[in-house]
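# Descriptive analysis of the structure
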Amino acid sequence: VDTLAADLILKGEIVARCRGPMEFGARALGNRSILCDARSLNVVNTINQAIKSRDFWMPFAPVVVATDDYPDHYFGTTAPAPYMTMAFDTTQMARRDLRAALHQSDYTARPQILEPSWNPGYYSILKKFETETGCGGMLNTSFNLHGSPIVRTAKDALHVFFNSGLKHMVLGDYLVSKK
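Notes on the structure in this doc start here. Each chain carries its own residue numbering, running from 1 in the written order of its sequence. At least 70 in pLDDT is required for a residue's local features to be given in this predicted model, at least 80 for side-chain atom pairs to be given and counted, and no such filter applies to totals for whole chains, interfaces and linings, which use all residues. Side-chain calculation: all heavy atoms of the structure are included, whereas hydrogens and water are not.

Ring pairs shown here join Phe, Tyr and Trp side chains whose ring centres sit within 6.5 Å, with only the six-membered ring taken for Trp; geometry is labelled stacked below 30 degrees between planes, edge-to-face above 60, and tilted in between. All told, the structure shown has 3 aromatic pairs when counted by the stated rule. For the ring pair Tyr74 and Phe75, a centre distance of 6.1 Å and an interplane angle of 70 degrees mean the geometry is edge-to-face. Throughout, exposure labels follow a simple rule: accessible area from a 1.4 Å probe, protein chains only, divided by the maximum for the residue type, with under 20% read as buried, over 50% as exposed, and the rest as partly exposed. Taking the relative accessible area as the measure of exposure, Phe75 reaches 6% and is therefore buried. Seen from their ring centres, Phe161 and Phe162 are 5.3 Å apart, and the 70 degrees between their planes marks the pair as edge-to-face. The exposure class of Phe162 is exposed, given its relative accessible area of 57%. In textbook terms, an aromatic cluster arises when at least three aromatic residues are bridged by ring pairs, as seen for Tyr74, Phe75 and Phe88. For a lysine, the NZ atom is tested; for an arginine, the CZ atom; a charge sits over a ring if that atom is within 6 Å of the ring centre and within 35 degrees of the ring normal. Cation over ring: Lys178 sits above Phe161, and NZ or CZ is 4.7 Å from the ring centre.

Next comes the structure, spelled out in structure tokens:
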């Protein structure tokens, strides 16, 4: 099912993911996330208007594959950043590949640098995207409606799915899509 999600993202779609155990902490780290291609700013408006119903100035964050290249090429550092809690300046490469996932006023980012062993299914989405596009990151935002808690259960995920403009959602081992 993660391969199908990657295929949709490669086609420019936005995909919510509610799979595996819920993460604990301040950020969505892949199991309760909304994912999309971060190269175009168009996704910011789509997510803000159709899904999150939030202000345009609130920044999103990138998830980036942990390889020898990307953290350094995107952020000028190889420092570990697994939880989207530390902000980094970005390089021109990041401003090209991760544009929609950067803070638009100063181009800083609060990345999740993802190791394959931390979440293999989530990593497989990102790695397939990187293999097909040459871009080592995506936009990751929490799977919720603005002002509401992040989804926890399948019932929560379905509520957000049916009460937003989301078209695709991974729910456990299933891909759910609206026509």
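Here the narrative resumes.
Here we come to the nonpolar core. Think of a nonpolar core as a cluster: buried Ala, Val, Leu, Ile, Met, Phe, Trp, Tyr and Cys residues, connected wherever their side-chain atoms sit within 4.5 Å. Among the nonpolar cores identified, the biggest contains 29 residues, and Ile9, Tyr74, Phe75, Leu98, Ile125 and Met138 are the most heavily contacted of them. If you list the elements that add at least two residues to this core, you get α1 (2-10), β3 (61-65), α3 (70-75), β4 (112-114) and α5 (120-133). Counting residues per element, this core draws most heavily on α5, which supplies 5 residues. By definition, residues are in contact when any of their heavy atoms lie within 4.5 Å. Sequence-distant contacts of Ile9, that is, excluding residues within four places in its chain, are made with Val15, Leu35, Cys36, Asp37, Ile125, Phe129 and Met138. Counting 23 residues, the second-largest nonpolar core is a separate cluster that includes Val44, Phe60, Phe143 and Phe161. The helix count covers DSSP runs of H or I at least four residues long, the strand count covers runs of E at least two residues long, and both are numbered beginning at the N terminus.

Even without being glycine, Met84 reaches a positive phi, approximately 60 degrees. By the element assignment, Met84 lies in the loop between α3 and α4 (92-97). For Tyr107, which is not a glycine, the phi torsion comes out positive at approximately 60 degrees. Overall, Tyr107 belongs to the partly exposed group, its relative accessible area being 23%.

Okay, the sheet that holds strand β2 (residues 32-36) next. Strands sit in the order β4-β3-β5-β2-β1-β6-β7 across an open sheet of 7 strands; the sheet is mixed. Looking at strand neighbours, the two that pair on one side only are β4 and β7 (174-177), the edges of this open sheet. Pairwise comparison of adjacent strand axes, ignoring direction, gives a mean angle of 30 degrees for this sheet. Here, any two strands with at least 2 DSSP bridges between them count as paired. Both β3 and strand β5 (residues 137-142) contribute to a ladder of 4 bridges, which runs antiparallel. If you follow Pro62 over to β5, its bridge partner there is Leu139. Interaxial angles span 0 to 180 degrees and are taken between N-to-C directions of axes, which are lines fitted to C-alpha atoms, for helices over the stretch in contact. Packed on one face of the sheet, α1 meets β1 (15-18), β2, β5, β6 (168-171) and β7 and runs near 160 degrees to β1.

This part covers the packing of α1 against α5. At a minimum axis distance of 9 Å, the contact between α1 and α5 shows a crossing angle of 40 degrees. Comparing the axis directions of α1 and α5 gives the class oblique. Judged by the sense of rotation from one axis to the other, the crossing of α1 with α5 is right-handed. Mapping the contact onto sequence places Asp2, Thr3, Ala5, Ala6, Asp7, Ile9 and Leu10 in α1 and Gly121, Tyr122, Ser124, Ile125, Lys128, Phe129, Glu132 and Thr133 in α5. Should an angle fall under 35 degrees it is called roughly parallel, over 145 degrees roughly antiparallel, and 65 to 115 degrees roughly perpendicular, with every other angle called oblique. For a crossing to be left-handed, the near helix must be turned anticlockwise from the far one by less than a right angle; the clockwise case is right-handed.

Among the residues making up α1, those that are buried are Asp2, Ala5, Ala6, Leu8 and Ile9. Looking down the long axis of α1, one finds its buried residues gathered within 160 degrees of arc, a one-sided arrangement. In this fold, the buried residues of α1 make contact with β1, β2, α5, β5, β6 and β7. In the stretch just after α1, Gly12 is the one whose phi turns positive, near 90 degrees. The directions considered for the arc run from the helix axis to the C-beta atoms.

This part covers the pairing of β5. Along any regular strand, the residues point their side chains to alternate faces of the sheet. Among the 6 residues of β5, 5 are classified as buried, and the element is accordingly described as predominantly covered. As judged from the 4 bridges shared by β2 and β5, these two strands associate in the antiparallel manner. Residue pairing for β5: Ile34 is matched across the bridge by Thr141.

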